Amino acid sequence: MMIGELQTIIEPAVTALGYQLWGCEWVGAGKNRRLLRVYVDGEQGVSLGACAKISRQISAILDVEDPIEGRYLLEVSSPGIERLLFTLAQYQRYIGHSIDLRLRVPREGRRHFNGILQSAADERIVVRLDDQTALDVAWRDVEKAHLVVER
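Below, the structure is looked at part by part. Quick caveat: nothing in here was measured; it's all calculated off a predicted structure. (Residues numbered from 1 in each chain as written. Predicted model: local features only at pLDDT ≥ 70, side-chain atom pairs only at ≥ 80, totals over all residues. Heavy atoms only, no water.)

### Here we look at the nonpolar core
Core analysis: the biggest nonpolar cluster contains 21 residues, and Leu 85, Tyr 91, Ile 99, Leu 101, Ile 125 and Val 142 have the highest contact counts within it. Where this core is concerned, the elements lending two or more residues are helix H3 (88–93), strand S4 (98–107), strand S5 (110–121), strand S6 (124–128), strand S7 (134–138) and strand S8 (142–147). For Val 142, the contacting residues outside a window of four places in its chain are Tyr 91, Leu 101, Arg 102, Leu 103, Arg 104, Ile 125 and Val 137. Val 38, Cys 51, Ile 54 and Leu 62 belong to the second largest nonpolar core, which has 16 residues in total. (Core = buried A, V, L, I, M, F, W, Y, C linked by side-chain atoms within 4.5 Å. Buried < 20%, exposed > 50% of the residue type's maximum accessible area, 1.4 Å probe, protein only. Helix = DSSP H or I, 4+ residues; strand = E, 2+ residues; numbered from the N terminus. Contact = heavy atoms within 4.5 Å.)

### With respect to the packing of aromatic side chains
Given two aromatic rings, their pairing is described by the distance between the two centres and the angle made by the two planes. This structure, assessed with the given rule, holds three aromatic pairs. Ring geometry for Trp 26 against Tyr 72: centres 6.2 Å apart, planes inclined by 85°, an arrangement best described as edge-to-face. Highlighted residues: Trp 26 in strand S1 (residues 20–28) and Tyr 72 in the loop between helix H2 (48–65) and strand S3 (73–77), separated in sequence by 46 residues. Residue Trp 26 is classed as partly exposed on the basis of its relative accessible area of 28%. (Phe/Tyr/Trp six-rings, centres within 6.5 Å; stacked < 30°, edge-to-face > 60°.)

### Considerations on unusual backbone geometry
Residues apart from glycine generally show negative phi values, whereas peptide bonds are mostly found in trans. In this model, Asp 122 sits at a positive phi of 50°, which is unusual for a non-glycine residue. In this structure, Asp 122 sits in the loop between S5 and S6. With a phi close to 65°, Glu 123 is a non-glycine residue in the positive phi region. Here Glu 123 is to be found in the loop between S5 and S6.

### Description of the sheet that holds S6
An order of S7-S6-S5-S4-S8 is seen for the five strands of this open sheet, with the pairing classed as antiparallel. Taken across any chain shown, the strands that pair with only one partner, and hence form the sheet edges, are S7 and S8. Each strand of the sheet is rotated relative to its neighbour by a mean of 40°, with strand direction disregarded. Where S5 meets S6, five bridges bridge the pair, whose relative direction is antiparallel. Each residue of the ladder has a partner; that of Ser 119, found in S6, is Val 126. (Pairing = 2+ DSSP bridges. Axes fitted to C-alpha atoms, helices over the stretch in contact; angles between N-to-C directions.)

### Overview of the sheet that holds strand S2 (residues 34–41)
Within a beta sheet, neighbouring strands are joined by backbone hydrogen bonds and run either parallel or antiparallel to one another. Taken together, three strands build an open sheet; the order of strands is S1-S2-S3 and the sheet is mixed. Since the sheet does not close on itself, it has two edges, and those belong to S1 and S3, each with one partner. This sheet shows a mean twist of 20° between the axes of neighbouring strands, independent of strand direction. Two strands pair when backbone bridges link them, and S1 and S2 are joined in this way by eight bridges, in the antiparallel orientation. Across the sheet, Cys 24 pairs through a bridge with Val 38, a residue of S2. Strands S1 and S2 of the sheet are contacted by helix H1 (residues 3–16), whose axis makes an angle of about 135° with S1. Across the sheet, H2 touches S2 and S3, and the angle it forms with S3 is around 145°.

Structural data, given as structure tokens:
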């Protein structure tokens, strides 16, 4: 099942508990194991207790709906400070911040880039890589992106 379909199933439960579904991803968890990682956020962040409560609710829904074939593990987590970016709206929220991204297909022989997110509009993102270079790509061409905290 596609992540978007899973999000449609679980989002109402997350929202009903007073939180926002930030995003989901499948992660390999070893031999013959899959991990469904669900990121949730709230106005005041999200506590460990809230993650446990949300996990129980999502697990119950997934048990009833049974949309996933085979065995898997469910993990509910805060997106954290170096959060992944899943939607164009999330990119727009973090314009001016440092991001690290990996493209689905190489551009100029590279898939991995980092820089300052300059814009996110019209289904495209622009990342300033240095003083003279910017990367302009369709946001759907990004395989994975996350914020980078300047230390």
